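What follows is the residue order along each chain.
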Amino acid sequence: MKITIAIDGPAGAGKSTVAKILADKLGLLYIDTGAMYRAATWLALQEHINLEDGESLAEALCHKDLRLESPEESAGGRIRVFLNDHEITDAIRGKEVSDRVSTVAAQKMVRKVLVEQQRKLARGRSAVLDGRDIGTVVLPDADLKIFLTASAEERARRRVKDLEGLGEKESYDDVLRAIIERDKQDSTRQEAPLVKAADAVEVDTDGLTIEEVVNKIADLCKNGKGGRKDQ
Ligand code: DC
């Protein structure tokens, strides 16, 4: 039986970590759509395309092969990202891209190209997709929609830790400010703003371990408690 799970929510709520583990646990394909907007941002920087010139960037994206690959165990579970054959897995997680990706994600033409690619990747398959507009735009008919949240403070603590892992050091206050700013941009932009789908189940991850969050979603899935089914 085919099943699609949409996980949306703000930056740092733990979507990608949870989605990846959930996909492995249930044997589903995992599609990290944020990584695709990050790859588009990396491409714009690389090719000196104005970040607000959505049309040129969309055109450039159409000529590249953007590929997401499930990691080997040894790669620490992170999805690997390639543009043509160039690996950009780490580059897209750094500050340069993180600080600019909201601008790129706000471009209508970029979204059009990437949403199309996301639907194509998921077509006819069982998959978990995470992002901001999966339940509202990309897969409005997803079988289970989750809206994953956490307080801005909790998300800032997690982000500082992640950056440390990448060898980048930033103060908690700066990170918190950036998160609040990014939330604002993502939820007030004109194109596919971050909003909870009417039929999504909200899961607040404050104080929960990753395992607890994964189990909660797996239970919702098993019990057919997707918003679509019981509302
Ligand atoms: O989840 P993330 O931090 O990797 O996402 C990077 C950026 O891309 C973030 O600003 C939100 C945006 N994004 C989006 O607009 N739509 C998606 N489906 C996924 C991410």
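Structure: see above.
Residues numbered from 1 in each chain as written. Predicted model: local features only at pLDDT ≥ 70, side-chain atom pairs only at ≥ 80, totals over all residues. Heavy atoms only, no water.

### Here we look at the packing of helix α2 (residues 33–46) against helix α6 (residues 108–122)
Filter applied, for reference: The angle between two axes is taken between their N-to-C directions and runs from 0 to 180 degrees, where each axis is a line fitted to C-alpha atoms and a helix contributes only its stretch in contact. Helix and strand definitions here come from DSSP, where helices need a minimum of 4 consecutive H or I residues and strands a minimum of 2 consecutive E residues; each element is numbered from the N-terminal end. In what follows, roughly perpendicular refers to angles from 65 to 115 degrees, roughly parallel to angles under 35, roughly antiparallel to angles over 145, and oblique to any angle outside these ranges. If you view the pair so one helix is near and one far, a crossing is left-handed when the near helix is turned anticlockwise from the far one by less than a right angle, and right-handed when it is turned clockwise. Throughout, a contact is declared for two residues whenever any of their heavy atoms are within 4.5 Å.
Running from amino to carboxyl end, α2 crosses α6 at an angle of 140°, the nearest separation of the two axes being 11 Å. Of the possible angle classes, the one that applies to α2 and α6 is oblique. Every pair of crossing elements has a handedness; the one defined by α2 and α6 is right-handed. The segment α2 lies against α6, with Thr 33, Met 36, Tyr 37 and Ala 40 engaging Val 110, Arg 111, Leu 114, Val 115, Gln 117, Gln 118 and Leu 121.

### Structural notes on the site of the ligand
Stated formally: The rule for a residue being near a molecule or strand is that one of its heavy atoms must lie within 4 Å of it. Polar contact criterion, stated in full: a pair of N or O atoms within 3.5 Å, where within protein one must be able to donate a hydrogen and the other to accept it, and residues adjacent in sequence count only if both atoms are side-chain atoms. In these tables, accessible area is a Shrake-Rupley quantity obtained with a 1.4 Å probe, and a residue counts as shielded only by the protein chains included in the view.
Around the ligand, 14 residues are found, and the nearest of them are Arg 38, Arg 111, Arg 132, Asp 133 and Arg 189. Separating an oxygen atom of the ligand from a side-chain N or O atom of Arg 38 is a distance of 2.7 Å. Contact distances for the ligand include 2.8 Å between a nitrogen atom and a side-chain N or O atom of Asp 133. Protein coverage of the free-state accessible area of the ligand, which is 450 Å², stands at 95%. Counting residues per element, the ones that place at least two in the shell around the ligand are α2, α5 (101–105) and α9 (172–188).

### Comments concerning the sheet that holds strand β4 (residues 80–83)
Spelled out, the test is: When DSSP locates at least two bridges between a pair of strands, those strands are taken to pair.
Strands sit in the order β3-β4-β5 across an open sheet of three strands; the sheet is antiparallel. The sheet terminates laterally at β3 (66–69) and β5 (86–87), the two strands that pair on one side only. The strands touched by α2 within the sheet are β3, β4 and β5, with β4 carrying the most contacts at an inclination of about 40°.

### Looking at the nonpolar core
Quick note on the threshold: Definition used in this section: a nonpolar core is a set of buried Ala, Val, Leu, Ile, Met, Phe, Trp, Tyr and Cys residues joined via side-chain atoms within 4.5 Å. Only protein chains enter the area calculation, which uses a 1.4 Å probe; residues under 20% of their type maximum are buried, those over 50% are exposed, and those in between are partly exposed.
Ile 5, Ile 7, Leu 148 and Ile 217 are the most contacted members of the largest nonpolar core, which has 58 residues in total. Element by element, the count of residues in this core is highest for α2, at eight residues. Other than its neighbours up to four places away in sequence, Ile 217 contacts Ile 7, Val 18, Leu 22, Leu 144, Ile 146 and Leu 148. Formed by seven residues, the second largest nonpolar core is a distinct cluster that contains Ala 156, Val 160, Leu 163 and Ile 179.

### Section: the pairing of strand β7 (residues 144–149)
Extensive coverage of β7 is indicated by the burial of six of its six residues. Here β7 shows a buried face lined by Leu 144, Ile 146 and Leu 148 and a second buried face lined by Lys 145, Phe 147 and Thr 149. As paired elements, strand β1 (residues 4–8) and β7 share four bridges and run parallel to each other. Bridge assignment links Asp 8 to a residue of β7, and that residue is Phe 147. Two strands pair when backbone bridges link them, and β7 and strand β8 (residues 201–204) are joined in this way by four bridges, in the parallel orientation. By the bridge assignment, Thr 149 is partnered in β8 with Asp 204.

### Some remarks on the packing of aromatic side chains
Selection rule: For this analysis, a ring pair means two rings from Phe, Tyr or Trp (six-membered ring only for Trp) whose centres lie within 6.5 Å, classed as stacked if their planes differ by under 30 degrees, edge-to-face if by over 60, and tilted for the remaining angles. By definition here, charges over rings are those cases where NZ of Lys or CZ of Arg is within 6 Å of the ring centre and within 35 degrees of the ring normal.
What the rule picks out here adds up to zero aromatic pairs. It is Arg 67 that lies over the ring of Phe 82; its NZ or CZ is 4.6 Å from the centre.

### Section: the side chain of Thr 149
With respect to the secondary-structure elements, Thr 149 resides in strand β7. Excluding anything up to four places from it in sequence, Thr 149 contacts Pro 10, Ala 13, Glu 202, Val 203, Asp 204, Thr 205 and Asp 206.

### Comments concerning helix α8 (residues 152–165)
Note the cut-off: How far a helix is expected to stretch is found by multiplying one less than its residue total by 1.5 Å.
Between the first and last C-alpha of α8 there are 20 Å, a value that for 14 residues agrees with the 20 Å anticipated at 1.5 Å per step. For α8, the full list of buried residues reads Ala 152, Glu 154, Arg 155, Ala 156, Arg 159, Val 160 and Leu 163. Summarising the contacts, the buried residues of α8 are in contact with α4 (95–98) and α9. Once α8 finishes, Gly 167 follows within two positions and takes phi at roughly 80°, a positive value.

### What about α2?
Look at α2: 20 Å from first C-alpha to last across 14 residues, which is about the 20 Å you get at 1.5 Å a residue. Counting buried residues along α2, 11 of its 14 residues qualify, which places the element largely inside the surrounding structure. Along α2, the residues classified as buried are Thr 33, Ala 35, Met 36, Tyr 37, Arg 38, Ala 39, Ala 40, Thr 41, Trp 42, Leu 43 and Ala 44. Downstream of α2 by one or two residues, His 48 has phi in the positive range, about 55°.

### A word on the environment of Asp 162
Within the secondary structure, Asp 162 is located in helix α8. Of the residues examined, Asp 162 reaches a relative accessible area of 47% and is grouped as partly exposed. For the pair Asp 162 and Arg 93, spaced 69 residues apart in sequence, the C-alpha separation works out to 9.3 Å.

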